Amino acid sequence: MEKRVYNFSAGPAVLPVPVLERIRDEMLCLPGCGASVMEISHRSKQFMAIQEAAKQRIIRLLGIPDSYDVLFLQGGSRLQFSMIPMNLLRGQAGPAQYVLTGSWGKYALAEAKKEGATEVIFDAAATNYDRLPGAGELKVRSDAAYVHITSNETIQGVQFPQDLDLPAPVVCDSSSDIFYRPLDITKYGLLYACAQKNAGPAGVTVVVIRKDLLERSNDQLPGYLNFKNHSKEDSMWNTPPTFAVYALGLVTEWLESTVGGLDAMYEINKKKAALVYDVVDQFPTLFTGHAKKSDRSLMNVTFKLPNDEIESAFLKQAQSHSLDSLKGHRSVGGIRASLYNAMPMEGAQALASFMSDFAKKNG
Ligand SMILES: *Cc1c(COP(=O)(O)O)cnc(C)c1O
């Protein structure tokens, strides 16, 4: 069998090996089914139990109270960029306020503009999205329909280290950092994440929504685009992405049983990121970090080398050490090492020691 690389892809991304092994073992015959999870009805008692167990694990991991619902949707986070303003902005008195700390926030804003009044209350464009707003920098209106933030900007590598406490419902795109640490969900009106960065395979998007916000959805919306339908039918309004929900369920089971919960996961994530950032900081003539130090992401480590030639050599040599998919996003350039939950400590160690050796030879 071919050897697995250390996969630093930004998404779809690395999955825990025990999850992949379990999927392999159950692929032909899901216990008690005599068939694959992909071949059974979404309304079978076996699949309903799988989906409910995944939901309950998410509820436990994020400490979600009864006043919230958890939905499994399709269309990725991109569809949420539209669905959220369709449901939560249309018909509201105040505008939706957007906090722009990177590319994904800008894409979210562009879709919201089609649905109603928006206002940008922070935009780090002037410094090429290298920082977060400072304390007191966000002027939130109390009548805002919601305030949209991106907890982790996957492309720039800028991440909010804490939950914000704002006087309007916070809507958070957590696509690339859901489950990386425990959070206080009551600080949010809605939190959403496509699975393929930090939670599972592509195909399912998790939406955690405060139930009172469901009342904003207008019945004239197309059925699939109405949050209320999905909530009422427990994410069975239409056929859910059954395989992706099953795999997401296995990832959350791994987080609970093998990792030991989100406190433990957070400690591991801090250690992994520190290993790599320490080397970046140790060789400042070779590595230039993109994000301001205090605003660095634990998930996506972004940095540049002095020129294209050294960068190509870095990527080529990394590849020969089984360090894969380190090229930065085309809009930012440089290097991006994604250290999601499933990246093992050894992967971060291997990258850090490769970088250190490379710096000593080329610094
Ligand atoms: C990847 C990503 C998206 C887009 O997700 P899709 O599932 O491709 O629609 C949105 N926001 C963030 C922060 C992302 O990292």
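For clarity, every value in this text was computed on a predicted model and none was experimentally measured.

What counts and what doesn't
Here the residue index of a chain counts from 1 through its sequence in written order. Reporting of local features is limited, given that this is a predicted model, to residues whose pLDDT is at least 70; pairs of side-chain atoms are given and counted only at 80 or more, and all residues count toward the totals for whole chains, interfaces and linings. To get the side-chain values, take all heavy atoms of the structure and skip hydrogens and water. In plain words, nonpolar cores are sets of buried Ala, Val, Leu, Ile, Met, Phe, Trp, Tyr and Cys residues tied together by side-chain atoms within 4.5 Å. Exposure is judged per residue with a 1.4 Å probe applied to protein chains only, and the accessible area is read against the type maximum: over 50% gives exposed, under 20% gives buried, and values in between give partly exposed. An automatic or database domain assignment is the source of the domain bounds shown. By definition, residues are in contact when any of their heavy atoms lie within 4.5 Å. Definitions used for this entry: grid spacing 1 Å over protein atoms alone; cavity, a set of points where a 1.4 Å probe fits but cannot get out; pocket, an open set with protein on both sides within 12 Å along at least 5 of 7 lines; lining residue, one with an atom within 4 Å of a point. Grid points are joined across faces, edges and corners, and a volume is the space filled by probe spheres set on the points. Think of it as three bins: nonpolar holds Ala, Val, Leu, Ile, Met, Phe, Trp, Tyr, Cys and Pro, charged holds Asp, Glu, Lys and Arg, and polar takes everything else, Gly as well. What counts as buried area is the accessible surface, traced by a 1.4 Å probe, that two parts surrender upon association, with contributions from both included. One speaks of a salt bridge when a side-chain nitrogen belonging to Lys or Arg is within 4 Å of a carboxyl oxygen belonging to Asp or Glu. At least two bridges found by DSSP between two strands is the condition for calling them paired. Numbering goes from the N terminus for both helices and strands, where a helix is a DSSP run of H or I of at least four residues and a strand is a run of E of at least two. Note on definitions: angles span 0 to 180 degrees between N-to-C directions of axes, and those axes are lines fitted to C-alpha atoms, for helices only across the stretch in contact. A helix is expected to span 1.5 Å for every residue after the first.

Below, the discussion takes up the nonpolar core. In this structure, Ile58, Tyr146, Phe179, Leu190 and Phe227 are the most contacted members of the largest nonpolar core, which totals 86 residues. Residues lining this core come from more than one domain, with at least three contributed by each of domain 1 (18-259) and domain 2 (262-362). Apart from residues lying up to four places away in sequence, phenylalanine 227 is in contact with Leu71, Leu73, Gln80, Met83, Ile84, Asn87, Leu190, Val207, Ile209, Leu214 and Ser217. With 36 residues, the next largest nonpolar core counts Leu298, Leu339, Leu351 and Phe358 among its residues.

Evaluation of the coordinates by the stated rule reveals 5 cavities of 30 Å³ or more. If you add up the space inside the largest cavity, you get close to 80 Å³. Lining the largest cavity we find 13 residues, and of these Ser174, Asp177, Tyr180, Arg181 and Leu183 sit closest to its centre. Of the residues belonging to the lining of the largest cavity, the class tally is 8 nonpolar, 2 polar and 3 charged. The space that makes up the second largest cavity amounts to roughly 60 Å³. What lines the second largest cavity is a set of 13 residues, among which Val14, Asn198, Ala199, Val251 and Ala342 lie closest to the centre. The class makeup of the residues in the lining of the second largest cavity is 9 nonpolar, 3 polar and 1 charged. Residue assignment places the lining of the second largest cavity across two domains, with domain 1 (18-259) and domain 2 (262-362) each supplying three or more.

Right, let's get into the domain arrangement of the chain. Each assigned domain of the chain is listed here: domain 1 (18-259) and domain 2 (262-362). On a C-alpha basis, the centres of domain 1 and domain 2 stand 27 Å from each other. Contact with domain 1, which involves 29 residues of that partner, is made by 24 residues of domain 2. With both chains or domains summed, domain 1 and domain 2 bury close to 2100 Å², and 58% of this area falls on carbon and sulfur atoms. Together, Ile155, Tyr180 and Val259 form the three largest contributors to the area buried by domain 1 at its contact with domain 2, with a combined 24%. For the pair domain 1 and domain 2, the number of links is 0 salt bridges.

Where strands meet in a sheet, backbone hydrogen bonds hold them as pairs that are either parallel or antiparallel. The sheet built from 7 strands is open, its strands ordered β2-β10-β9-β8-β5-β3-β4 with mixed pairing. Here the strands that pair on one side only, and so sit at the sheet edges, are β2 (68-73) and β4 (118-123). Strand-to-strand twist in this sheet, taken as the mean axis angle between neighbours without regard to direction, amounts to 15 degrees. Note: strand β9 (residues 190-194) against strand β10 (residues 205-210), 5 bridges, orientation antiparallel.

Between its terminal C-alpha atoms helix α7 (residues 262-282) stretches 30 Å, which fits the 30 Å expected from 21 residues at 1.5 Å a residue. Looking only at α7, the buried set comprises Leu262, Met265, Asn269, Lys272, Ala273, Val276, Tyr277, Val279 and Val280. Packing partners of the buried residues in α7 comprise α2 (45-62), α6 (242-259), β11 (288-289), β12 (300-304) and α9 (345-362).

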